[in-house]
Structures are given as C-alpha cells and as structure tokens.
Amino acid sequence: QVQLVESGGGLVQPGGSLRLSCAASGSIFSSNAMGWYRQAPGKQRELVAAINSGGVTKYVDSVKGRFTISRDNAKNTAYLQMNSLKPEDTAVYYCTAFAGRSWFSPKFGPWGQGTQVTVSS
C-alpha cells in the first residue's frame with residue numbers, strides 16, 4: 001500500500017516562496033515517477049510538475065521558471081520548491097506517484113490529504 005503525506009503549505013504573500021514536501025511510504029521506489037498536482041476552488045485538478053525515474057522534469061506552463069520539483073530517493077521524499085508565488089497559485093497541492101518510470105504511467109495509489117497553499121496579501 002502506498003501512502004503519501006504532503007506538508008509545507010501555508011499562507012504566503014505574493015512573490016514569496018514555499019517548499020512542499022511529500023513523504024512516501026509503502027511500495028514507492030526510485031523507479032517510480034512522481035508528481036505534484038493542484039486543485040483550486042472551482043477548477044479541475046491539474047498536474048503542475050513531475051519528475052521521472054531519470055530525473056527529467058516537466059512543468060505546466062503557468063509555473064515554468066518558478067517551481068522546481070525534486071526528489072530524494074534515500075528519504076522517499078519528493079519536493080516542490082515554489083518561488084515568486086502568485087495569487088493564482090492558491091490551491092490544495094497533492095503529491096502522487098506513478099505506476100511506472102514515466103509520468104505517462106497511470107497514477108499509483110490513493111490521493112493524500114494535500115496541503116493548502118494560499119497566496120495573498
């Protein structure tokens with residue numbers, strides 16, 4: 001069974017930064033791609049960033065140049081460094097694992113509780 005616990009969210013002013021963490025337990029290994037989704041009120045959940053087993057990353061256009069996804073396989077933890085935050089980034093952020101090496105693989109395991117990110121002055 002896979003369990004993903006997100007943390008690091010909070011209230012931040014526009015232009016500020018946050019670092020989200022995703023602690024993974026269960027059958028998640030370095031061979032699994034991982035990613036971060038977000039869901040804002042009234043909007044569908046979207047894939048914000050992903051990293052495959054080889055360390056190759058992808059980002060949705062709206063966060064390119066501002067967000068960085070990384071992973072520490074020894075700690076079974078994924079991170080999302082968010083800089084230059086905008087009010088439009090306000091959402092609940094969720095971590096996920098993928099069943100295979102690529103983010104093209106199906107999502108693996110249940111959604112966690114997510115962590116709330118609020119960008120407001």
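All of these numbers come straight from a predicted model, not from anything done at the bench.

(A) Spotlight on the nonpolar core. Counting residues in each nonpolar core, the largest one holds 28 residues, and the members touching the most others are Leu 4, Met 34, Trp 36, Phe 67, Leu 80, Met 82 and Tyr 93. Elements with a contribution of two residues or more to this core: β3 (18-25), β4 (34-39), β5 (46-51), β7 (67-72), β8 (77-82), β9 (91-98) and β11 (115-119).

(B) Highlighting unusual backbone geometry. Positive phi is not limited to glycine here, since Asn 76 has a value of about 50°. Residue Asn 76 is classed as partly exposed on the basis of its relative accessible area, which comes to 36%. For Ser 84, which is not glycine, the phi torsion reads 50° and is therefore positive. As for its position among the elements, Ser 84 is in the loop between β8 and β9. Judged by its relative accessible area of 42%, Ser 84 falls in the partly exposed class.

(C) Seen up close, the side chain of Glu 6. Checked against the element boundaries, Glu 6 lands in strand β1 (residues 3-7). No salt bridge is formed by the buried Glu 6; the nearest opposite charge belongs to Arg 45, separated by 7.1 Å. Of the polar contacts made by the side chain of Glu 6, one reaches the backbone nitrogen of Cys 95; its length is 2.8 Å. Looking at Glu 6, its side chain comes within polar contact range of the main-chain nitrogen of Gly 114, at 3.0 Å. Residues in contact with Glu 6, not counting those within four places in the same chain, are Ser 21, Cys 22, Trp 36, Tyr 93, Tyr 94, Cys 95, Gly 112, Gln 113, Gly 114 and Thr 115.

(D) How the structure looks around the packing of aromatic side chains. For the coordinates displayed, the defined rule picks out three aromatic pairs. For the pair Tyr 37 and Trp 111, a centre-to-centre distance of 5.1 Å together with 85° between the ring planes defines the contact as edge-to-face. One end of the pair, Tyr 37, is in strand β4; the other, Trp 111, is in the loop between β10 (107-108) and β11, and 74 residues separate them in sequence. Taking relative accessible area as the criterion, Tyr 37 reaches 16% and is therefore assigned buried. Taking the relative accessible area as the measure of exposure, Trp 111 reaches 34% and is therefore partly exposed. By way of ring pairs, the aromatic residues Tyr 37, Tyr 94 and Trp 111 are connected into one cluster. A cation over an aromatic ring shows up here: Arg 45 above the ring of Tyr 94, its NZ or CZ 4.2 Å from the ring centre. A cation over an aromatic ring shows up here: Lys 107 above the ring of Trp 111, its NZ or CZ 4.4 Å from the ring centre.

(E) Expanded view of the side chain of Ser 105. Checked against the element boundaries, Ser 105 lands in the loop between β9 and β10. Taking relative accessible area as the criterion, Ser 105 reaches 18% and is therefore assigned buried. Excluding residues within four positions of it along the chain, Ser 105 makes contact with Phe 98, Ala 99 and Gly 100.

Calculation notes
- Residues numbered from 1 in each chain as written.
- Predicted model: local features only at pLDDT ≥ 70, side-chain atom pairs only at ≥ 80, totals over all residues.
- Heavy atoms only, no water.
- Core = buried A, V, L, I, M, F, W, Y, C linked by side-chain atoms within 4.5 Å.
- Buried < 20%, exposed > 50% of the residue type's maximum accessible area, 1.4 Å probe, protein only.
- Helix = DSSP H or I, 4+ residues; strand = E, 2+ residues; numbered from the N terminus.
- Lys, Arg positive; Asp, Glu negative; His and termini not counted.
- Salt bridge = Lys/Arg side-chain N within 4 Å of Asp/Glu carboxyl O.
- Polar contact = N/O pair within 3.5 Å; in protein donor to acceptor, adjacent residues only side chain to side chain.
- Contact = heavy atoms within 4.5 Å.
- Phe/Tyr/Trp six-rings, centres within 6.5 Å; stacked < 30°, edge-to-face > 60°.
- Lys NZ or Arg CZ within 6 Å of the ring centre and 35° of its normal.

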